Amino acid sequence: MAKNDKLDLELGVHETLELHEVTTLRRSTLLKAHMMESIVEDPELRKLLRKEKQISEKAIDEIEALLP
């Protein structure tokens with residue numbers, strides 16, 4: 001799904017708020033993984049942090065496509 005593709009969904013207020021909450025959590029995870037990657041010395045852990053960054057970025061893009 002392209003970054004600017006918006007799905008035509010009718011979400012309730014509570015659903016929209018839940019999606020915002022999940023997006024906030026994913027952004028926090030992304031920021032923490034980004035910060036930790038620069039100080040971590042173990043290559044395997046650094047690899048896991050990079051993977052988590054990719055997963056979080058993808059999740060954020062997918063959730064934003066659902067938001068009005």
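Located above this text is the structure these notes cover.
Reading the values: the criteria
- Residues numbered from 1 in each chain as written.
- Predicted model: local features only at pLDDT ≥ 70, side-chain atom pairs only at ≥ 80, totals over all residues.
- Heavy atoms only, no water.
- Helix = DSSP H or I, 4+ residues; strand = E, 2+ residues; numbered from the N terminus.
- Buried < 20%, exposed > 50% of the residue type's maximum accessible area, 1.4 Å probe, protein only.
- Contact = heavy atoms within 4.5 Å.
- Areas by Shrake-Rupley, 256 points an atom, 1.4 Å probe, with all protein chains shown as cover.
- Salt bridge = Lys/Arg side-chain N within 4 Å of Asp/Glu carboxyl O.
- Expected span 1.5 Å × (residues − 1).

1. Topic: the overall build of the protein chain
Step number 1: A tally of helices and strands in the protein chain yields two helices and zero strands.
Step number 2: For the protein chain, the proportion of its 68 residues judged to be buried stands at 22%.
Step number 3: Relative to all contacts within the protein chain whose residues are 6 or more apart in sequence, the contacts with residues 24 or more apart total 67%.
Step number 4: Just so you have it, the protein chain exposes about 5,500 Å², and 57% of that area is on carbon and sulfur atoms.

2. Regarding the environment of Arg46
Step number 1: Tracing the backbone shows Arg46 in helix α2 (residues 43–66).
Step number 2: Leave out the neighbours within four places in its chain, and Arg46 touches Glu37, Val40 and Glu41.

3. Considering the pattern of salt bridges
Step number 1: Counting across every chain of the model gives five salt bridges.
Step number 2: Ionic pairing is found between Arg26 and Glu52, a salt bridge with its closest N-O pair at 2.9 Å. Remark: Glu52 occurs in helix α2 and Arg26 occurs in helix α1 (residues 13–39); sequence separation between them is 26 residues.
Step number 3: Overall, the relative accessible area of 25% leaves Glu52 in the partly exposed class.
Step number 4: Across the salt bridge formed by Lys58 and Glu62, the nearest N and O atoms sit 2.9 Å from each other. Residue Lys58 and its partner Glu62 are both found in helix α2; the two are separated by four residues, about one turn of the helix.
Step number 5: In this structure Lys58 comes out as exposed when scored by relative accessible area, which is 52%.
Step number 6: Where salt bridges share partners, they join Glu37, Arg50 and Lys53 into one cluster.

4. Comments concerning α2
Step number 1: For α2, built from 24 residues, the straight-helix expectation of 34 Å at 1.5 Å per residue is met to within 8% by its first-to-last C-alpha distance of 35 Å.
Step number 2: All of the buried residues in α2 are Leu49, Lys53, Ser56, Ala59, Ile60, Ile63 and Ala65.
Step number 3: Residues of α2 that are buried make contact with α1.

5. Thoughts on the environment of Ala59
Step number 1: Of note, Ala59 is situated in helix α2.
Step number 2: Judged by relative accessible area, which is 17%, Ala59 ranks as buried.
Step number 3: In this structure, the C-alpha to C-alpha distance between Ala59 and Thr23, residues 36 residues apart in sequence, is 8.0 Å.

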